[in-house]
Amino acid sequence: MIVAFHCCAPEWVDMELKDTVQMMNSADYKDRFEAEYYQIVIRYEKLKAMLEKWDKGELNFTPTCPRRTYNIQIAAMTDYIAVLEARAVMEGVDLEETE
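One structure accompanies this document, and this report is about it.

Criteria and thresholds
Residues numbered from 1 in each chain as written. Predicted model: local features only at pLDDT ≥ 70, side-chain atom pairs only at ≥ 80, totals over all residues. Heavy atoms only, no water. Helix = DSSP H or I, 4+ residues; strand = E, 2+ residues; numbered from the N terminus. Buried < 20%, exposed > 50% of the residue type's maximum accessible area, 1.4 Å probe, protein only. Contact = heavy atoms within 4.5 Å. Areas by Shrake-Rupley, 256 points an atom, 1.4 Å probe, with all protein chains shown as cover. Core = buried A, V, L, I, M, F, W, Y, C linked by side-chain atoms within 4.5 Å. Phe/Tyr/Trp six-rings, centres within 6.5 Å; stacked < 30°, edge-to-face > 60°. Expected span 1.5 Å × (residues − 1). Salt bridge = Lys/Arg side-chain N within 4 Å of Asp/Glu carboxyl O.

With that out of the way, let us pick up the overall build of the chain. In terms of regular secondary structure, the chain is built from three helices and zero strands. Of the regular secondary structure in the chain, the N- to C-terminal order runs α-α-α. Evaluated residue by residue, the chain yields a buried proportion of 35% over its 99 residues. Looking at the chain alone, contacts between residues at least 24 apart form 68% of all its contacts between residues at least 6 apart. Only carbon and sulfur atoms are counted for the fraction: they give 53% of the accessible area of the chain, which is about 6600 Å².

Another aspect to go through is the nonpolar core. Counting residues in hydrophobic clusters, the biggest one holds 22 residues, and the most contacted among them are Tyr 37 and Leu 47. Taken together, the elements giving at least two residues each to this core come down to α2 (29-56) and α3 (67-91). Considering every element that reaches this core, the biggest residue donor is α2, with eleven residues.

As a further point, take the packing of aromatic side chains. Applying the stated rule across the entire model yields two aromatic pairs. Pairing Trp 54 with Tyr 70 gives two aromatic rings, centres 5.6 Å apart and planes at 75°, and the pair type is edge-to-face. Taken as a pair, Trp 54 in helix α2 and Tyr 70 in helix α3 lie far apart in primary sequence, 16 residues in all. Judged by relative accessible area, Trp 54 falls into the partly exposed class, the value being 25%.

Along the chain, the position of Thr 20 falls in the segment before α1 (21-24). Excluding residues that lie within four positions of it along the chain, Thr 20 makes contacts with Met 15, Ala 35, Tyr 38 and Gln 39.

The subject of this paragraph is α3. The end-to-end C-alpha distance of α3 is 36 Å, a good match for the 36 Å that 25 residues give at a rise of 1.5 Å each. Buried residues of α3: Tyr 70, Asn 71, Ile 74, Met 77, Thr 78, Ile 81, Leu 84, Glu 85 and Ala 88, and no others. Contacts from the buried residues of α3 go to α2. A positive backbone phi angle near 70° is found at Gly 92, which sits one or two residues after α3.

Turning our attention to α2. A rise of 1.5 Å per residue sets the reference length of α2, with its 28 residues, at 40 Å; its end C-alpha atoms lie 41 Å apart and thus fit the reference within 8%. Looking one or two residues beyond α2, the residue adopting positive phi is Gly 57, at roughly 70°.

By the definition in use, this model includes three salt bridges. Among the ionic pairs, Asp 55 bridges to Arg 67, the shortest N-O distance being 2.5 Å. On the criterion of sequence distance, the pair formed by Asp 55 in helix α2 and Arg 67 in helix α3 is long-range, its members being twelve residues apart.

Right, here's the structure in full:
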């Protein structure tokens, strides 16, 4: 089962992992926090897309792990995203704004 979560400003929906490098190297922990969040969301979205294709029989490769393994992974990623979103609220990190 794939669970949706609240996140993602429309302006960074097409962001790639390489686009987070500058934020990861920032001296400001809030920038690094945002980069960590964007990275997990990007990875989550890619895994979710793969699982949706798997469910439709549209994968162009055979996964090496059983589906259950990927289900556990995406559940853990969902939990991690939720924790980061909660921390962002508590720490005053705006995840909906990009520069």
